[in-house]
Amino acid sequence: MWSWRSGGSLDEHPVACCAGALPAVPGYCVHTAGWEQGVTSTAFIVFNLQSAAALCVGVGSFCDPEDLPGLAHFLEHMVFMGSLKYPDENGFDAFVREHGGSDNASTDCERTVFQFDIQQKYFKEALDRWAQFFIHPLMVWDAIDREVEAVDSEYQLAKPSDANRRELLLGSLAKPGHPMRKFFWGNAETLKHEPKNRNIDIYARLKDFWQLYYSAHYMNLVVQSKETLDTLEKWVMEIFSQIPNNGLPKPSFGHLTQPFDTPEFHKLYRVVPVRKVHSLNIAWGLPPQQRHYRVKPLHYISWLVGHEGKGSILSFLRKKFWALTLHGGNSETGFEQNSTYSIFSISVTLTEEGYEYFYEIAHAIFQYLKMLQKRGPDKSYHTAKKTDPADFVESLCENMQHFQKEDFLIGNNLLLDYKPEIIADALNQLCPLKANLFLLSAGHEEKCHLKERWFETQYSVEDIDKYWSDLWASDFELNQDLHLPEENKYIASNFTLKVRDCSETQHPVKILNTQLGCLWYKKDNKFRIPKAYVRFHLISPLIQQCSKSVVLFELFVNIFSHNLAEPAYEADVAQLEYKVVAGEHGLIIRVKGFNHKLPLLFQLIIDHLADFNFTPATFEMITEQLKKTYFNILIKPEMLAKDVRLFILEHGRWSIIDKYQRLMKGISVESLSAFIKAFKSHLFVEGLAQGNLTGRKSKDFLNYIVQKLQFVPLAHPCPVQFRVVDLPNTHLLCKVKTLNKGDANSEVTVYYQMHMEEPCFNFLRTKQTLGYHVYPACRNTSGILGFSVTVATQATKNNTELVDKKIEEFLVCFEEKLKILTTEVFNAQVSVLINMKECEDSYLGEEVDRNWNEIVTQQYFFDRLAHEIEALKSFTKADLVNWFQAHRGHKKKALSLHVVGFGKHEGDSDIIAASDAQQCYLGDMPQFIFLPPSSHMKDTASIRDIRDFTLALNLLPYHKILK
């Protein structure tokens with residue numbers, strides 16, 4: 001519901017800029033205009049990207065009527081359900097997906113945003129279809145009744161999120177009458193059952209809300225495409241001019257200031273989370289800061305508070321083994337930033353010991369803030385990290401609601417003005433006596449007797465301890481261990497492009513190949529930016545030997561990451577990024593950023609790996625955190641479903657439950673030390689260096705690993721994929737109970753071993769209203785292909801076996817549609833796929849990701865896309881029909897995976913509060929709870945013991961494309 005984002009990077013588009021009515025951004029020519037109906041529009045010529053559009057309505061959930069909570073969110077859903085001109089309920093969604101695009105929408109406190117992207121060829125028609133949602137949406141009664149269920153499913157999926165629960169609980173502390181106290185999500189109770197009981201005509205109220213608030217003069221529109229600016233403006237005027245304008249004043253809430261200046265806010269709240277976690281959240285309600293977007297005072301403060309280097313809050317807390325992570329700032333969602341207030345919050349993930357010292361931790365935070373207040377703002381720290389715009393048009397249309405025209409493009413990401421008085425004013429408001437404290441821990445359960453209405457969060461409230469409140473009211477001493485960041489040695493100063501020292505190649509080539517490892521290399525001559533990507537895979541057969549070795553490896557990587565956090569943080573600030581990942585078969589090290597200082601960061605990581613050490617206290621702290629990580633994965637139905645599916649399919653894989661059980665039995669410091677020594681002694685190292693690097697310098701990366709680690713070659717090659725079991729020619733069912741007793745959410749996946757998009761969504765979600773998340777997927781399981789259909793539903797609404805039957809109904813219908821598909825439609829779909837695969841990378845990282853995937857899986861099929869395009873060109877409708885029927889016929893290999901939630905449709909009489917899940921496993925050893933099939937699937941073969949079942953199956957050979 002709230003903020004929806006996807007990745008993208010503006011600074012890596014390798015094109016020239018054209019000047020326009022707005023400041024120049026690489027890759028864009030810009031024009032902005034206002035027109036008679038009141039809509040402000042901005043058009044872009046953009047290169048190497050799909051065409052896209054976004055529209056922001058300057059109205060959101062703050063405008064919900066008191067008697068219909070969630071109405072704004074519900075309307076966002078409903079306008080997509082067909083229009084007078086294009087009445088098909090899912091017609092737009094189908095059109096966009098059929099032509100290589102996607103679409104989405106989100107409702108926030110004071111804005112509602114709609115966006116889509118599509119191949120350029122179909123952009124104008126898509127614009128016309130999309131515009132009808134704002135001109136004349138149908139919102140027929142039948143669709144209203146069904147779409148309420150989708151909204152309710154979205155609400156049910158949101159309930160187990162601790163972040164969502166915190167927002168709702170914090171919002172309830174606002175002054176009476178403030179819109180933050182409203183229930184923005186909406187559900188079946190507020191939008192269906194209660195209106196029916198009170199004789200409220202939801203159909204009429206939806207229409208009224210749309211007419212009142214979906215008015216042209218509240219809207220901003222952004223379009224981007226390769227057409228000329230004149231053409232884009234002509235299209236916009238032609239298509240969007242019919243949006244009605246009621247001329248009414250825009251709703252304003254700016255007069256409702258200081259909503260959290262209440263005694264209820266300035267207290268300590270103990271909260272029972274869903275996840276197994278200890279955390280401290282400190283929040284302040286500030287006057288709205290959005291008007292200071294050119295100065296960004298909260299960005300300035302958050303950069304200093306969130307620093308992780310020497311002298312930082314987190315560095316101090318880590319040395320005491322009190323904290324694992326710390327984040328500070330304002331998320332810029334409507335909940336934290338709107339016209340009535342801005343939230344500044346600091347969140348600390350605590351260790352077991354840190355939980356006992358949470359007041360001391362809060363005190364250290366207040367000491368740091370007091371130090372900043374005494375020093376005042378310093379321009380030398382006036383900096384902001386580069387952020388990749390999530391989705392350019394969506395971000396821009398939101399900017400147009402708040403920024404001056406000349407700042408539309410850059411106002412989000414640049415600090416344009418330095419005004420120390422504005423920064424100091426915000427900083428001085430972050431005092432202890434105005435703070436709200438949330439302390440999250442499962443240990444609070446017996447003390448928390450209050451319950452938030454909508455998400456049923458258990459909590460208690462108390463005054464701040466008198467000792468600490470008196471201390472914080474005084475002129476307390478500063479902490480001499482806390483100070484501002486030091487000079488940064490990782491900041492690049494050389495941005496020259498390297499001269500090629502090898503022959504130019506289209507794909508990576510192997511420039512080093514020894515018994516110890518190999519290196520692939522590609523010089524970037526396409527994007528021509530002073531950046532590089534370096535990745536290595538340190539492969540070892542030790543990792544998958546047993547569940548204990550997997551746990552030891554993951555402990556090692558977590559401690560390694562912890563050790564690197566402080567010394568490598570300066571590099572992160574200098575826009576050098578790194579990540580160390582516990583892969584299935586080896587340690588993966590990734591670094592990227594400006595190539596000038598990238599070797600320094602890489603050498604730091606390898607030095608820490610070579611000289612790896614840890615204290616017993618660090619071992620204990622990370623072990624406890626890993627237990628929580630495993631637990632928090634297991635209580636999510638979608639993650640449990642994935643774990644069960646891969647546990648069945650991949651021979652030799654250890655499930656999360658295996659790992660959790662092994663960790664709970666105990667791991668010794670000595671066993672970890674022995675494992676790390678053995679791991680580092682025998683390796684095969686494979687890497688990729690790509691970007692603004694020479695071949696000679698690239699070899700230094702691999703040579704440095706070999707020199708520092710002093711390992712010997714593996715005796716035998718180590719596979720980097722699992723063997724996959726050959727499923728029998730039948731339909732199998734594996735049905736397990738969710739491990740979170742308070743969760744009604746179920747997950748049903750039907751997997752076929754061996755692609756469908758919009759028809760699946762339309763049939764299973766729109767027509768059958770089985771759940772909010774409905775999606776097909778093409779699966780590549782260790783090289784073995786398959787496809788699946790997944791539905792996230794609720795046990796309070798549907799039985800998983802009935803959902804499984806509906807998936808089968810859909811597949812039967814889909815087969816019939818395939819048979820009657822015209823050649824013209826089939827060829828159009830093939831063309832869309834070809835166009836998608838021919839689409840050029842928009843930034844260097846996309847090309848690197850594709851190349852690295854070939855290397856880390858040891859497939860090396862770097863021209864895979866070209867071969868797939870050639871295959872598509874020879875593909876016929878008969879090929880598709882025959883393929884589908886072959887995998888759906890009597891020889892089908894189908895596996896149904898059900899994670900079953902708690903609810904009346906699964907035979908559960910009482911639903912336990914979501915937080916009660918903690919009680920189940922804090923002291924117990926979890927295990928899969930297998931359920932027998934009911935009457936709906938009584939004739940389906942059932943898996944009741946995964947290991948016994950898979951032992952009887954043959955294994956498919958390792959898969960590799962040879963030509």
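Per an unreviewed UniProt entry, the recorded name for the protein chain is Nardilysin-like, and the organism is Crocodylus porosus.

1. Examining the overall build of the protein chain
Helices and strands together make up the secondary structure of the protein chain, namely 31 helices and 27 strands. Looking at the protein chain residue by residue over its 963 residues, the buried ones come to 59%. Split by element, the accessible area of the protein chain, about 39,100 Å² in all, is 51% carbon and sulfur.

2. Here's the deal with the packing of helix H1 (residues 71-78) against helix H4 (residues 141-158)
At a closest axis distance of 10 Å, the pairing of H1 and H4 adopts a crossing angle of 120°. When the interaxial angle is binned, H1 and H4 end up oblique. Regarding H1 and H4, the two cross each other, and that crossing is right-handed. Here H1 contributes His73, Phe74, His77 and Met78 to the contact with H4, which in turn contributes Ala143, Ile144, Glu147, Val148, Ala150, Val151 and Glu154. When the residues that make up the contact of H1 with H4 are grouped by side-chain class, the tally is seven nonpolar, two polar and two charged.

3. Points about the environment of Asp108
With respect to the helices and strands, Asp108 occurs in the loop between strand E4 (102-107) and strand E5 (112-118). When its relative accessible area of 5% is taken as the criterion, Asp108 is described as buried. For the pair Asp108 and Phe184, spaced 76 residues apart in sequence, the C-alpha separation works out to 8.5 Å.

4. Description of the pairing of strand E10 (residues 342-350)
For a regular strand, side chains alternate in direction, first toward one face of the sheet and then toward the other. Of all nine residues in E10, eight are buried; the element is thus mostly enclosed. Pairing of strand E8 (residues 279-286) with E10, which is carried by eight bridges, proceeds in the antiparallel orientation. From the neighbouring strand, Ser279 faces E10, where its bridge partner is Thr349. Relative to E10, strand E9 (residues 323-329) runs antiparallel, the two being bridged by six bridges. Looking across to E10, one finds that Gly328 is bridged to Ile346.

5. Regarding the pairing of strand E7 (residues 268-271)
Every second residue of E7 is oriented toward a common face, with Leu268 and Arg270 on one face and Tyr269 and Val271 on the other, all of them buried. As paired strands, E7 and strand E11 (residues 436-440) are joined by four bridges and run parallel to one another. By the bridge assignment, Val271 is partnered in E11 with Leu440. Taken together, the four bridges between E7 and strand E13 (residues 458-462) define a ladder with antiparallel strand orientation. Bridge pairing links Arg270 to Ser460 in E13.

6. Considering the sheet that holds strand E18 (residues 586-594)
The strand order E14-E15-E20-E16-E18-E17 describes an open sheet built from six strands, whose pairing is mixed. Of all strands in the sheet, those bounded by a partner on one side alone are strand E14 (509-513) and strand E17 (576-582). Geometrically, the sheet is characterised by an average inter-axis angle of 15° between neighbouring strands, direction not taken into account. Sheet strands touched by helix H16 (residues 547-565): E17 and E18. Its angle to E17, the strand with the most contacts, is close to 160°.

7. A short note on the packing of H16 against helix H21 (residues 656-665)
Interhelical geometry of H16 versus H21 gives an angle of 80° and a closest axis separation of 9 Å. When the interaxial angle is binned, H16 and H21 end up roughly perpendicular. From H16, Ser547, Lys548, Val550, Val551, Glu554 and Leu555 reach across to H21, where they touch Asp658, Lys659, Arg662 and Leu663. Within the contact of H16 with H21, the residues separate by chemical class into four nonpolar, one polar and five charged.

8. Brief notes about the confidence of the model for the protein chain
In the predicted model, the protein chain carries a mean pLDDT of 89, and 90% of its residues have values of at least 70. A low-confidence stretch, residues 381-390 stays under pLDDT 50, and its non-local contacts, those more than four residues away or across chains, total 30 contacts. Within the model, the stretch residues 910-923 combines pLDDT values under 50 with 38 contacts to residues more than four positions away or in other chains.

9. Brief notes about the nonpolar core
If you look at the biggest cluster of nonpolar residues, it comprises 90 residues, and the most contacted ones within it are Phe536, Leu538, Phe556 and Leu587. Two domains each provide a minimum of three residues to this core, namely domain 3 (509-713) and domain 4 (726-952). Once you skip the residues sitting within four places of it in the chain, Leu538 turns out to touch His585, Gly586, Leu587, Ile589, Leu609, Phe679, Leu683, Phe684, Val685 and Leu709. Judged by nonpolar contacts, the second largest core, of 75 residues, contains Phe92, Val151, Leu169 and Tyr214.

10. Regarding helix H8 (residues 229-240)
For H8, which comprises 12 residues, the first-to-last C-alpha distance of 16 Å matches the rise-based estimate of 16 Å (1.5 Å per residue) to within 8%. The complete set of buried residues in H8 reads Leu229, Leu232, Trp235, Val236, Ile239 and Phe240. Buried residues along H8 cover an arc of 125° about the axis, so they all sit on one side. Exposed and facing more than 90 degrees away from the buried side of H8 are Asp230 and Lys234.

11. Some thoughts on the sheet that holds strand E26 (residues 894-900)
With mixed pairing, six strands are arranged side by side in an open sheet as E24-E25-E23-E26-E22-E27. What marks the edges here is a single partner per strand, and that holds for strand E24 (773-781) and strand E27 (941-942). Two strands pair when backbone bridges link them, and strand E23 (residues 745-753) and strand E25 (residues 784-794) are joined in this way by nine bridges, in the antiparallel orientation. Bridged to Val750 within E25 is Val789. Along the sheet, helix H20 (residues 637-649) makes contact with strand E22 (731-737), E23, E24 and E26, crossing E26 at roughly 145°. Against the sheet, helix H25 (residues 800-820) engages E22, E23, E25 and E26, with an angle of about 40° to E23.

The rules we used
Residues numbered from 1 in each chain as written. Predicted model: local features only at pLDDT ≥ 70, side-chain atom pairs only at ≥ 80, totals over all residues. Heavy atoms only, no water. Helix = DSSP H or I, 4+ residues; strand = E, 2+ residues; numbered from the N terminus. Buried < 20%, exposed > 50% of the residue type's maximum accessible area, 1.4 Å probe, protein only. Areas by Shrake-Rupley, 256 points an atom, 1.4 Å probe, with all protein chains shown as cover. Axes fitted to C-alpha atoms, helices over the stretch in contact; angles between N-to-C directions. Parallel < 35°, antiparallel > 145°, perpendicular 65-115°, else oblique. Left-handed = near helix turned anticlockwise from the far one by under 90°. Contact = heavy atoms within 4.5 Å. Nonpolar A, V, L, I, M, F, W, Y, C, P; charged D, E, K, R; others polar. Pairing = 2+ DSSP bridges. pLDDT = per-residue confidence, 0-100. Core = buried A, V, L, I, M, F, W, Y, C linked by side-chain atoms within 4.5 Å. Domains from an automatic or database assignment. Expected span 1.5 Å × (residues − 1). Arc of directions from axis to C-beta.

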